[in-house]
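Residue-level structure breakdown
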Amino acid sequence: MSLTIYNTLTRRKEEFTQLTEGFVRMYVCGPTVYGHSHLGHGKSYVSFDTIIRYLRYIGYKVTYVQNITDVGHLLGETNEGEDRLIKQGKIEQKHPMQIAEEYTRSYFEDMDALGVQRPDISPRATGHITEQIEIVKQLIEKGFAYEVNGSVYFAVSKDKEYGILSGRNTDEAESGTRVDVKSEKRHPNDFALWKRAEPEHIMQWTSPWGLGFPGWHVECSAMSMKYLGETFDIHGGGLDNQFPHHECEIAQSECLTGKPFVKYWIHNNLITVNGQKMSKSLGNFTLLKDLYKKYNPLVIRFFILQSHYRSTLDFSEEALQGAKSGYEKLLNTVRQIRDVLSFEYRDLNQFKTQNPNPETILLTKFKSDFLDAMNDDFNTAQAIALLFDLGREVNVGLSKNELSIETLNAVDNLFSELGGQVLGIIPSNVDTQSGEGNQTADLMQIIVDVRAEVRSQKLWSLSDKIRDGLQKIGITLEDKKDGTKWKRQQ
Ligand SMILES: [Zn+2]
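Below: a short report on this structure. (Residues numbered from 1 in each chain as written. Predicted model: local features only at pLDDT ≥ 70, side-chain atom pairs only at ≥ 80, totals over all residues. Heavy atoms only, no water.)

Here we look at the pattern of salt bridges
Taken as a whole and assessed by the stated rule, the structure comprises 29 salt bridges. One salt bridge connects Arg301 with Asp49, and the closest N-O pair in it is separated by 2.8 Å. Placement of Arg301 in helix H9 (residues 297-305) and of Asp49 in helix H1 (residues 39-57) is noted, with a sequence separation of 252 residues between them. Neither residue differs from the other here; Arg301 and Asp49 are each classed as buried. Note that Asp389 and Arg392 form a salt bridge whose closest N and O atoms lie 2.5 Å from each other. In this pair, Asp389 and Arg392 are both assigned in helix H12 (residues 380-399), 3 residues apart and thus about one turn of the helix distant. Residue class for Asp389 comes out partly exposed when judged on its relative accessible area of 33%. Connected through shared salt-bridge partners, Asp49, Arg53 and Arg301 make up one network. (Salt bridge = Lys/Arg side-chain N within 4 Å of Asp/Glu carboxyl O. Helix = DSSP H or I, 4+ residues; strand = E, 2+ residues; numbered from the N terminus. Buried < 20%, exposed > 50% of the residue type's maximum accessible area, 1.4 Å probe, protein only.)

A closer look at the environment of Ile426
Note that Ile426 resides in the loop between helix H13 (405-422) and helix H14 (430-433). Residue classification places Ile426 among the buried positions, given a relative accessible area of 5%. In this structure the C-alpha to C-alpha distance between Ile426 and Tyr327, which are 99 residues apart in sequence, comes to 9.3 Å. Apart from the residues lying within four places of it in its own chain, the contact partners of Ile426 are Leu330, Leu331, Val334, Arg338, Phe415, Gly419 and Gly420. (Contact = heavy atoms within 4.5 Å.)

Below, the structure written as structure tokens:
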């Protein structure tokens, strides 16, 4: 089964073909950096990270660009209010660029914890003002944009294709819009490419139309085309950006170049709280930093990937608790396998076989099912369910002592490849990254050392008391020539 992707542009799943064979050029709208990231950001960037990890895993050379919006994203549904960074700067009594710097750092910190790999390029909107001005100039020259009092607007009526992504046509959108008699726009749906700056507006640049700042939509066209070319493979973003942001990106880019802008549009669905979108403006958001105080960030990643990226994911403490216990169960299976591989059979040559045994053949089938799930529009929910199926089979095999060392190694490799490299939920070092596990290992080392001391003083009953006590809570000690090893009972 080859990779199929649901393309919002055509509203159906399509077989994935690249513009240049073997290479994928991909852009995802990044955060507006005026606050710490909440769970909604986590869902979006974990979903796209997993898509990119998978594309790389199946052999594509991916160039991934994700911008940082540090100017021009205004408040309000129609993006006509105050600049978000300037407003936050007033609240914190800081320069907007300081706000941008601090929250950009915070964003990457939070994403690193979630195992989100960094983009290849993270361009800042304020670092690409020249490119944005150039696009605006050319759009005026080509007759798609007009200037009024130092601001420039895109004339939506000039673009016959406007509405192609969202399915909204301009007449339909207009009927629900109150026409502001004072508006300088020729049509209510026209959008700003460049805005005149009032004297008190801190972020402003010189342009052919006077002092001003770029509109939000134009930055993504400027930065994506600069680094990925005028036509590229995939553009991603949150479903809430489909209209107007992405519709406007298509309009201005295609009118500028006369070429198709993007081949596949991928939209990630939202986190909801009691059925309502989680967002900063609605005030019903939970910060990732707050969740990290209670949960291993990889539990949150697991929670996100348990649903398909195009589905909404309803957040509640109970749902997250459920994800936590599911995740621990999966991780425990991996721990057991690695414990066995590192301690129990290490010296037992009789477990070594040369030919693939039946279990290994089952693993080939398992892997192809996993790839089918991911090839079906990145169905991570199904992929995780398959990891649990594998875990169940391994647990049964371990309890009956039926698995060879080759099989266990092959299973471990599969968990590392599919659960680690692709889904990013199984760390390469389970004990050191699961938080609780790391402490357990350290505690066990202390106990083992104390018991060795007790034994050297021939205090046998005390030594047995330690061993028996651990046995009761599920940990077995094995005294070997080179020291004492511990393992969890199955
Ligand atoms: Zn964007």
